[in-house]
Amino acid sequence: GLLVAILGGFIFVFPRFFVGDYLNRRSYDLPFIVRDYILKENIQITNVVIAYMDDDSHKQLDQSFERGWDRGVHARFLDRMREDGAKAVFFDIVFAEEKEAEDPGFAAALAKAKNVILAADRTRVAQGLEGGQIVPPAATLLEALIEKDLEANVDIMEALKRYVGIDEVIPDRDLAVRQQKQFNLIGDQFYPLSWAAAAMAGAPITKETNGWRNEFWINYYGPPRDAIPHFSYWQALIPGNPEIAKPGYFKDKYVFVGADLLTGFSGQRKDSYVSFYPRKVKGESGDYT
């Protein structure tokens, strides 16, 4: 009994060592598996949608797989969101390079929308959570994002934190993402992208001083592509999906934009991680089991 107590205490105090890390992960995974696979409890999401810049979108919008999209396409997308009355738009894309021919139109759309968050990246010179260099959006786009705040005499750094977020995601060793983990920013320039999005959406926790520095276990709504409505990016711009084509479809919705490619060039970074949900198979009836 004493040995069991000592071992249990060791795992509790040092959960990252040996079997403790495994049990830590599995104790988190199990309730999601039970909720979805056994109880079949589905959480209905009506105010959030995901726009995937997928293979079909590349083809339909004639965008290259080997370089960034024409930002005029994103300008058109933002205009559609603004006309429909979307609550906010979050781009999980880093528009780091200046593009003289494309940026003025995209910047104008950003300024009109007033409710857009762009991603910043962080490059690393070594392993670990320390160090690195922040790669922000292009200066022309930054100016458009914070123009109204500067006119209202908001501090420039506070304004930047409202509209830019670090896109870094830190997975566990099995490449699943269970937590928003604490990491130190360089000069505290920007919050994590998820925190900036939550702040724009008015989440109460974002009112806490330095609350973003905490580690949060993520409460997923459901398995990938099951819980949150999603569509191919092109469908917001080209008639094809009758529901999405309806004026006002995005009214009062939070719209997240990110890449979802099966193809791509060698060395490309992709925002894909392991899911701890059981893999489902579509049966003859059309249901997933």
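Residues numbered from 1 in each chain as written. Predicted model: local features only at pLDDT ≥ 70, side-chain atom pairs only at ≥ 80, totals over all residues. Heavy atoms only, no water.

**Here we look at the overall build of the protein**
And step 1. Across its full length, the protein carries nine helices and 10 strands.
And step 2. Of all 289 residues assigned to the protein, the portion counted as buried reaches 39%.
And step 3. Across the protein, contacts joining residues at least 24 apart in sequence account for 74% of those joining residues at least 6 apart. (Helix = DSSP H or I, 4+ residues; strand = E, 2+ residues; numbered from the N terminus. Buried < 20%, exposed > 50% of the residue type's maximum accessible area, 1.4 Å probe, protein only. Contact = heavy atoms within 4.5 Å.)

**What to know about the side chain of Ser57**
And step 1. Along the polypeptide, Ser57 turns up in helix H3 (residues 55-60).
And step 2. Looking at Ser57, its side chain comes within polar contact range of the main-chain oxygen of Tyr52, at 3.4 Å.
And step 3. Other than its neighbours up to four places away in sequence, Ser57 contacts Tyr52, Asp62, Trp69, Ser232, Tyr233 and Trp234. (Polar contact = N/O pair within 3.5 Å; in protein donor to acceptor, adjacent residues only side chain to side chain.)

**Section: helix H7 (residues 156-163)**
And step 1. Listing the buried residues of H7 in full gives Ala159, Leu160, Lys161 and Tyr163.
And step 2. Buried positions along H7 lie against strand E3 (116-123), helix H6 (139-151), strand E5 (164-166), strand E7 (191-192) and helix H8 (193-200).
And step 3. Looking at where H7 begins, the residue whose side-chain oxygen comes 3.1 Å from the main-chain nitrogen of Met157 is Asp155.

**Here's the deal with the pairing of strand E10 (residues 254-260)**
And step 1. Inspection of the sheet shows strand E1 (residues 48-54) paired to E10 by seven bridges, in the parallel sense. Paired with Tyr52 across the strands is Gly258, a residue of E10.
And step 2. Of the pairings in the sheet, the one linking strand E2 (residues 88-91) to E10 comprises four bridges and is parallel in character. Looking at E10, one finds that Phe91 is bridged to Val257. (Pairing = 2+ DSSP bridges.)

**Describing unusual backbone geometry**
And step 1. Of note, Asn153 is a non-glycine position whose phi angle comes to about 65°, a positive value.
And step 2. The topology assignment puts Asn153 in the loop between H6 and H7.
And step 3. Positive phi, close to 70°, is recorded for Leu175, a residue that is not glycine.
And step 4. Tracing the sequence through the fold places Leu175 in the loop between E5 and strand E6 (179-180).

**Details of the packing of aromatic side chains**
And step 1. The final tally for this structure, using the stated rule, is 19 aromatic pairs.
And step 2. Each ring, one from Phe90 and one from Tyr254, has its centre 6.4 Å from the other, and the planes form 15°; the classification is stacked. Of this pair, Phe90 sits in strand E2 while Tyr254 sits in strand E10, placing them 164 residues apart in sequence. Accessibility assignment for this pair places Phe90 and Tyr254 in one class, buried.
And step 3. Ring centres 5.3 Å apart and planes at 25° place the aromatic pair Phe276 and Tyr277 in the stacked group. The two residues Phe276 and Tyr277 agree in class, both being buried.
And step 4. Its end group placed over the ring of Tyr52, Arg225 keeps NZ or CZ at 4.4 Å from the ring centre.
And step 5. Above the plane of the ring of Tyr249 lies Lys253, whose end atom (NZ or CZ) is 4.9 Å from the centre. (Phe/Tyr/Trp six-rings, centres within 6.5 Å; stacked < 30°, edge-to-face > 60°. Lys NZ or Arg CZ within 6 Å of the ring centre and 35° of its normal.)

**Points about the pattern of salt bridges**
And step 1. Taken as a whole and assessed by the stated rule, the structure comprises 12 salt bridges.
And step 2. The residue Asp29 makes a salt bridge to Arg178 at a minimum N-O spacing of 2.8 Å. Here Asp29 is found in helix H2 (residues 19-38), whereas its partner Arg178 is found in the loop between E5 and E6, with 149 residues between them in sequence. For the pair formed by Asp29 and Arg178, the shared burial category is buried. (Salt bridge = Lys/Arg side-chain N within 4 Å of Asp/Glu carboxyl O.)

**Some thoughts on the packing of H6 against H7**
And step 1. Axis separation between H6 and H7 bottoms out at 9 Å; the angle between their running directions is 120°. It follows that H6 is oblique to H7 by the angle criterion. Relative to H7, H6 is oriented so that their crossing is right-handed. Two secondary-structure elements touch here, H6 through Leu142, Leu145, Ile146, Asp149 and Leu150 and H7 through Ile156, Ala159, Leu160, Arg162 and Tyr163.
And step 2. Counted by class, the contact of H6 with H7 contains eight nonpolar, no polar and two charged residues. (Axes fitted to C-alpha atoms, helices over the stretch in contact; angles between N-to-C directions. Parallel < 35°, antiparallel > 145°, perpendicular 65-115°, else oblique. Left-handed = near helix turned anticlockwise from the far one by under 90°. Nonpolar A, V, L, I, M, F, W, Y, C, P; charged D, E, K, R; others polar.)

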